[in-house]
Amino acid sequence: MKNTPGHIAWIDLLRIIACLLVIISHSCDFFVGKFDQSPDFYSGVAWGSLVRPCVPLFVMISGVLLLPIRVDTGVFYARRMKRIIIPLVFWSIVLPILFYLYLSVVKTTTPNIDMEAHTLGATVKKLYTFIFNFNYDTIPFWYLYMLIGIYLFIPIISAWLTQASQRDIRRFILIWIVSLFIPYIQLLAPFLGYTGNYGNMGLLGVCDWNPYGTFYYFSGFIGYIVLAYYLVRYPLNWSWNKTLGITIPVFLTGYLITLFGFLFMQEHYPANYAYLEIVWYFSGANVFLMTISLFIIFQKIRIGESALLSRTASLTFGVYLCHFVIVQSGYDLVHTWLPIPPYLQIPVIAVFSFTLSLLIIRLMSQSRILRNVIG
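What this report covers is the structure whose coordinates are included nearby. (Residues numbered from 1 in each chain as written. Predicted model: local features only at pLDDT ≥ 70, side-chain atom pairs only at ≥ 80, totals over all residues. Heavy atoms only, no water.)

Here the focus is the overall build of the chain. For the chain, the count of helices and strands is 15 helices and 0 strands. The C-alpha atoms of the chain give 21 Å as radius of gyration, which agrees with the globular expectation for 375 residues (21 Å, within 12%). Projected onto its principal axes, the C-alpha coordinates of the chain cover approximately 60 × 60 × 45 Å. With 375 residues in all, the chain has 50% of them scored as buried. Of the contacts formed within the chain by residues at least 6 apart in sequence, a portion of 79% connects residues at least 24 apart. (Helix = DSSP H or I, 4+ residues; strand = E, 2+ residues; numbered from the N terminus. Rg over C-alpha atoms; globule rule 2.2 N^0.38 Å. Buried < 20%, exposed > 50% of the residue type's maximum accessible area, 1.4 Å probe, protein only. Contact = heavy atoms within 4.5 Å.)

Another point: helix α6 (residues 142-163). When the terminal C-alpha atoms of α6 are compared, their 32 Å separation across 22 residues agrees well with the 32 Å that a helix rising 1.5 Å per residue should span. At Ile 154, α6 is bent by approximately 40 degrees, the largest bend along its length, and proline Pro 155 sits one to four residues beyond. Among all positions of α6, only Tyr 143, Leu 144, Met 146, Leu 147, Ile 148, Ile 150, Tyr 151, Ile 154, Pro 155, Ile 157, Ser 158 and Leu 161 are buried. Where α6 is buried, its residues touch α3 (54-66), α4 (73-105), α7 (166-179), α9 (222-233) and α14 (316-337). (Expected span 1.5 Å × (residues − 1). Bend = angle between axes of the 7 residues up to and from the residue.)

Structurally, Gln 299 can be placed in helix α12 (residues 285-300). The buried category is assigned to Gln 299, whose relative accessible area is 13%. Residue contacts for Gln 299: discarding those within four places in its chain leaves Trp 10, Leu 231, Val 232 and Pro 235.

Attention shifts here to the pattern of salt bridges. On inspection of all chains with the given rule, the structure shows 3 salt bridges. The residue Asp 40 makes a salt bridge to Lys 34 at a minimum N-O spacing of 2.4 Å. Judged by relative accessible area, which is 22%, Lys 34 ranks as partly exposed. A salt bridge links Arg 171 to Asp 168; the nearest nitrogen and oxygen atoms lie 3.3 Å apart. Of this pair, Arg 171 and Asp 168 both sit in helix α7, 3 residues apart, which is roughly one turn of that helix. (Salt bridge = Lys/Arg side-chain N within 4 Å of Asp/Glu carboxyl O.)

Below, the discussion takes up the state of the cysteines. Under the criterion given, the structure shown has 0 disulfides. As a non-bridged cysteine, Cys 19 has Cys 322 as the owner of its nearest cysteine sulfur, 8.9 Å distant. (Disulfide = S-S within 2.5 Å.)

Let's shift gears to the packing of α7 against α9. The geometry of α7 relative to α9 is characterised by a closest axis approach of 10 Å and an angle of 145 degrees between their N-to-C directions. The handedness of the crossing between α7 and α9 is left-handed. Mapping the contact onto sequence places Gln 166, Ile 169, Arg 170, Phe 172, Ile 173 and Trp 176 in α7 and Ile 222, Gly 223, Tyr 224, Val 226, Leu 227, Tyr 229, Tyr 230 and Arg 233 in α9. Classifying every residue of the contact of α7 with α9 by side-chain character gives 10 nonpolar, 2 polar and 2 charged. (Axes fitted to C-alpha atoms, helices over the stretch in contact; angles between N-to-C directions. Left-handed = near helix turned anticlockwise from the far one by under 90°. Nonpolar A, V, L, I, M, F, W, Y, C, P; charged D, E, K, R; others polar.)

A cis amide bond, omega -10 degrees, links Leu 67 with the succeeding residue Pro 68. Phi at Tyr 198 is positive, roughly 55 degrees, even though this residue is not glycine. Within the secondary structure layout, Tyr 198 lies in the loop between α8 (182-188) and α9. Given a relative accessible area of 74%, Tyr 198 falls into the exposed group. A positive phi angle, close to 55 degrees, is found at Leu 204, a residue other than glycine. On the basis of relative accessible area, Leu 204 is assigned to the partly exposed category, the value being 48%.

Turning our attention to a positive patch on the surface. A cluster of basic residues, Arg 311, Arg 362, Arg 368 and Arg 371, forms a positive patch on the protein surface. Structurally, Arg 368 is set in the segment after α15 (342-364). Under the relative-accessibility criterion, Arg 368 is labelled exposed at 71%. (Patch = residues over 30% accessible without salt bridge, like charges linked within 9 Å, V, L, I, M, F, W, Y side chains within 5 Å. Areas by Shrake-Rupley, 256 points an atom, 1.4 Å probe, with all protein chains shown as cover. Lys, Arg positive; Asp, Glu negative; His and termini not counted. Charge placed at Lys NZ, Arg CZ, Asp CG, Glu CD.)

Side chains of Ile 85, Val 89, Ile 93, Ile 97, Leu 98 and Leu 101 sit close together on the surface and give an oily, nonpolar patch of about 430 Å² of accessible area. Looking at where Ile 85 falls in the secondary structure, it is placed in helix α4. Note on Ile 85: relative accessible area 40%, which makes it partly exposed.

Counting residues in hydrophobic clusters, the biggest one holds 112 residues, and the most contacted among them are Trp 91, Tyr 143, Ile 154, Tyr 224, Leu 227 and Phe 295. At 14 residues, the largest contribution of residues to this core is made by helix α1 (residues 9-32). If near-sequence neighbours (up to four positions away) are discounted, Leu 227 is found in contact with Met 60, Ile 173, Trp 176, Phe 288 and Ile 292. (Core = buried A, V, L, I, M, F, W, Y, C linked by side-chain atoms within 4.5 Å.)

The following block contains the structure:
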């Protein structure tokens, strides 16, 4: 089951796959962003919907590897924050500079890219405003800001999990699953006559002066952390036939809802990201169906020791950190010079970006100094 200390074979494999799925999702953005009902758009939506479990899988991996924590809370915070904050600061400075240099030289084919956001003045401003939030050049880093919050909470929930019964944990997960439906209820509520409170369409106590509704404390990514812990602590002893007989239909159900839901939202709310993203929410019920199916399948995989697998998995965080600007160049290269259908362009861009990013991070890992900025 285990490889080298600190490595679990199926988790290593899942980490690599999840990283590739993330890169595929960002490779889709150029195609989805056209919103023109073209083959490019439909290819982007099809692939983008397929890979939505990418981030939830990463979160579940953290749940497997970190829970329960067996060190002092202060030690845990020091170790985890060092692995996040140092790379976050480094790449939040480096990526805007790389984007500025790249877009200054290359005439990008990216549709609707705002070149005003990549002037020298705008780039300099990004070098310090990242302390407030991510920007276009660092879009993937929304995950890092969220992950810091998860890490801050893990010692608290770990203390509960170690003494909670199976029934207690299952209750938590069931309440969390209910929260996954809130975005869709909010979407449907106006059709049932709900007009909100003073213009705010929030539900169950949410209003202009209170963003913390009934399910706030049970919602979001923390549920995936608990779910991963539960599935590892109480594994499903299913045969492969039963596993695939359940997970494949569940995955396909989630995928079809995600795919056609996005197309439906695009038709009724064209190019409105606030509504389009509802169907693509990582904490939505349909993406949950896809995520838990993949996790259960990978958890059942039995593979032998592999130093290459472990080493590659250990570099995936660095790949995540640096890949976004490489995806940009991959799109310009493939879209301009490779005359293949868009549904093939997307995986080619992703594989190119993953491979080049992995090579860069592998080289950086050889440096004692740079090793600290790749996580």
